[in-house]
Amino acid sequence: MANFGKYANLSKHGWTEKTATQVIAIGQNAHIGLWGGGPAGEDLIVKATDPSICVTHEEPSNKAYAHWRHFLITALRDGRTIITATMPSGAIWASMTAEVTGKAGVRLVFFPGERMAGTTTAGTIYVVGGHGENMKAAGGPPVGRPDRGGHTIDPTPPGNYVLGPRIHVVAPSWPTSAIPWGATLRLNAAKEAEYESPPGHWRRATGAGGVVTDAQMAFYRRGGLKPDLKRVIEEVRAYFVNPKTGLLWDTTWVWNDFGRWGWNLLRNGHGTPYFVHTTPDDEHATDQGKAVFLVNSHGCIHLVPAERDRLMNAGYLKQGVPFEVRPYTESGPP
Amino acid sequence: MKRILCALCCFAATALAQQNTCPSLESGVEAEVLRVRVAKDDLGAFRAVGDKALSALRLCPQSARLWYLAARSAEVLESPSNGQAFAAEGGLNRIVADALSHAPSSAPAATVAARVQGSSSLARKALALDPNYQPARRALAELLAKEGAIDEALRLASAKTPSGPMHLTRAHVLLAAKRPAEAVAEARKIMTPGEPDELSPTVEMYRDKQEVLGFALLDLQKTAEARKALRAAAAAGSVAAQRYLAK
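Keep in mind the model is a prediction, meaning the values are calculated, not measured.

A. Structural view of the overall build of chain A. Assigned secondary structure in chain A consists of 4 helices and 22 strands. With the principal axes as the frame, chain A shows a C-alpha extent of 80 × 40 × 35 Å. Buried positions account for 54% of the 334 residues belonging to chain A. Long-range pairs, those at least 24 residues apart, make up 62% of the contacts in chain A between residues at least 6 apart in sequence. With an accessible surface of roughly 14,400 Å², chain A has 54% of that area assigned to carbon and sulfur atoms. Each charge class in chain A can be summarised by its mean position, and for the 33 positive and 29 negative side chains these summaries are 2 Å apart.

B. Layout of the interface of chain B and chain A. Each partner contributes residues to the interface: chain B has 40 residues there, and chain A has 44 residues. Each partner contributes to the roughly 3,400 Å² buried at the junction of chain B and chain A, and carbon and sulfur atoms together form 60% of this total. The largest contributions to the chain B side of the interface with chain A come from B:V38, B:K40 and B:R47, which together make up 24% of the buried area. The tally of links from chain B across to chain A stands at 4 salt bridges. Close ionic contact of A:K290 with B:D51 constitutes a salt bridge, the shortest N to O distance being 3.2 Å. On inspection of chain B and its partner chain A, the count reaches 11 residue pairs in polar contact (both at pLDDT 80 or more). Of all the elements in the fold, those that place two or more residues in the side of chain B that touches chain A are helix 1 (2-36), helix 2 (42-57), helix 11 (202-219), helix 12 (223-235) and helix 13 (239-246) of chain B. With 9 residues, the single largest contributor to the side of chain B that touches chain A is helix 1 of chain B. Among the residues making up the side of chain B that touches chain A, the classes are represented as 19 nonpolar, 11 polar and 10 charged.

C. Representation of empty space enclosed by the protein. The tally for this structure, following the rule as stated, stands at 2 cavities of 30 Å³ or more. Its boundaries defined by the atoms lining it, the largest cavity holds a volume of some 40 Å³. Mapped onto the lining of the largest cavity, the elements with two or more residues apiece are helix 3 (280-287) of chain A together with helix 2 of chain B. Here the residues of the lining of the largest cavity sort into 2 nonpolar, 1 polar and 4 charged. Lining the second largest cavity are B:A74, B:E78, B:S81, B:G83, B:Q84, B:A85, B:F86 and B:L92. Residue composition of the lining of the second largest cavity, grouped by class: 4 nonpolar, 3 polar and 1 charged.

D. The state of the cysteines, seen in detail. Residues and elements named next belong to chain B. Summed over the entire model, instances satisfying the criterion amount to 1 disulfide over all chains. Across a sulfur-sulfur distance of 2.1 Å, C22 and C60 are joined as a disulfide pair. Torsion about the S-S bond of the C22 and C60 cystine: about -105 degrees, corresponding to left-handed handedness. Of this pair, C22 sits in helix 1 while C60 sits in the loop between helix 2 and helix 3 (64-77), and the two are 38 residues apart along the sequence. The buried category is assigned to C22, whose relative accessible area is 5%.

E. Examining the domain arrangement of chain B more closely. Residues and elements named next belong to chain B. Considered domain by domain, chain B is made up of domain 1 (1-78), domain 2 (105-152) and domain 3 (159-247). A C-alpha centroid distance of 20 Å is found between domain 2 and domain 3. Across the domain 2 to domain 3 interface the summed buried area is about 900 Å²; carbon plus sulfur atoms make up 60%. Summed over the three residues of domain 2 that lose the most area to domain 3, namely R138, E142 and I150, the buried surface amounts to 55% of that side. The tally of links from domain 2 across to domain 3 stands at 2 salt bridges. One salt bridge connects E198 with R115, and the closest N-O pair in it is separated by 3.0 Å. For the pair domain 2 and domain 3, the number of links is 5 residue pairs in polar contact (both at pLDDT 80 or more). Within the residue set of the side of domain 2 that touches domain 3, elements represented by two or more residues are helix 5 (107-117) and helix 7 (134-146). Ranked by residues supplied to the side of domain 2 that touches domain 3, first place goes to helix 7 with 7 residues.

Here is what the cut-offs are and how they apply
- Residues numbered from 1 in each chain as written.
- Chains lettered and ligands numbered in written order.
- Predicted model: local features only at pLDDT ≥ 70, side-chain atom pairs only at ≥ 80, totals over all residues.
- Heavy atoms only, no water.
- Helix = DSSP H or I, 4+ residues; strand = E, 2+ residues; numbered from the N terminus.
- Buried < 20%, exposed > 50% of the residue type's maximum accessible area, 1.4 Å probe, protein only.
- Contact = heavy atoms within 4.5 Å.
- Areas by Shrake-Rupley, 256 points an atom, 1.4 Å probe, with all protein chains shown as cover.
- Lys, Arg positive; Asp, Glu negative; His and termini not counted.
- Charge placed at Lys NZ, Arg CZ, Asp CG, Glu CD.
- Buried area = accessible area lost by both parts, 1.4 Å probe.
- Salt bridge = Lys/Arg side-chain N within 4 Å of Asp/Glu carboxyl O.
- Polar contact = N/O pair within 3.5 Å; in protein donor to acceptor, adjacent residues only side chain to side chain.
- Nonpolar A, V, L, I, M, F, W, Y, C, P; charged D, E, K, R; others polar.
- 1 Å grid on protein atoms, 1.4 Å probe; cavity = no way out; pocket = protein on both sides within 12 Å on 5 of 7 lines; lining within 4 Å.
- Points joined across faces, edges and corners; volume = space filled by probe spheres on them.
- Disulfide = S-S within 2.5 Å.
- Domains from an automatic or database assignment.

Quick look at the structure:
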């Protein structure tokens, strides 16, 4: 036995009990309860028949209301769909209707704690007010920890942000991100590597006083180490120059930790430490036609390069688009 | 006669080309190894290490170092990628088996194989190949503890100047020996992020520390503390902690 309904203090706004129908304006959410479970008390699988119209996520349950589970319905686009609660076999145990109405500007909503993918806590970014598009993404892990270089790894903070402009991120607190993605490289007369940024302006990356050498020294120091300059110079040189030939490995820098493009998450008009971006290894895997598997970030939001391109080309991933990060406690859909 | 000379010339030319190419290819892989230390996504950097090592091995199958790097990358990425990272190259077990057959005298390669195959005899072989190679010593201690040979495991894991990884190994052995209080004390000596004794992503030592802490605290009936540690381990990718919490 199972049925959808309102319990405790869940808002009844837009809910018609008789027809089990929830009306939601685009860009809004509604909360619904599911009472009961399968014949042997199994947890039912709750999802929209057409997930381009709305998606469901499970909220932590209220212990005062035994047998009730709590779901959040997020309206994505105009339309009507059935939300079902099914047994793992597919048998429908309860159903309701969700009717999404109205119009709204495009915004993106990220649910970071939807599921485990391998050992990654993974989620999805949904386009609200589009055509039901979404893309896989991974934020920080749900529990933070210290990292190298004085950095910490943190959950992505829930809240409302706005996407900043699309940029090649430069973040010298990560040594290989001191150079923007795609910068041209060359060797100078002293055989040190230089990079071009901005166009026409060359800076030295390697050797004593080089931008990457300095960044790497600072990285080690912040991590509580006492780096040896000579050794760091050798390490940094190895990123750029083949020691056997004395030539550059590549004439373009493609090892920036933020991948090809990044968008800062702005809060109240101000920058935050959080970016929406890819990783260099996922970019390279994509270029080689290999599968991409997302890993948790330091708090940023990692994207799959091909999906980034798809949403960027569709005009959803761009400066000024509102971006909401939901709490990790909202799980699913399967 | 001419044909034989031609064949010999060809063989010599190929061997010479490989002599020149292999050090260059190895340097390319070593550049990726260096990047692991400073990459924001150090787990992802293992993919570049593994890809480049496997690619270089097509020309340089005699390189024990490349076999180790390929096997270690496949081991590190097995769980995070659900076994997909090197599936096109035959996957973890195939890469490890190839590493063992091509580099039978490599203690690092044998150590990876010991862990992946759960074989204490392989770990023993790795330690015999290089008695100073600490990862082999640790692998053998942990595998012996699982087999119930606690005394030998503890003896192996006792070091004059114990490192973070060796504290972790001792904690694992003590937990297997049903001495949870000592396991907790040992695990708490581990500083994170610490210096690993083997090419590793930073998350590994933190995850394993929280996991052993969590299960040892559970044995001590300190449920709240244990759950906190297990949540941290699960968030860092511990499958055992995730399974426990799901229950």
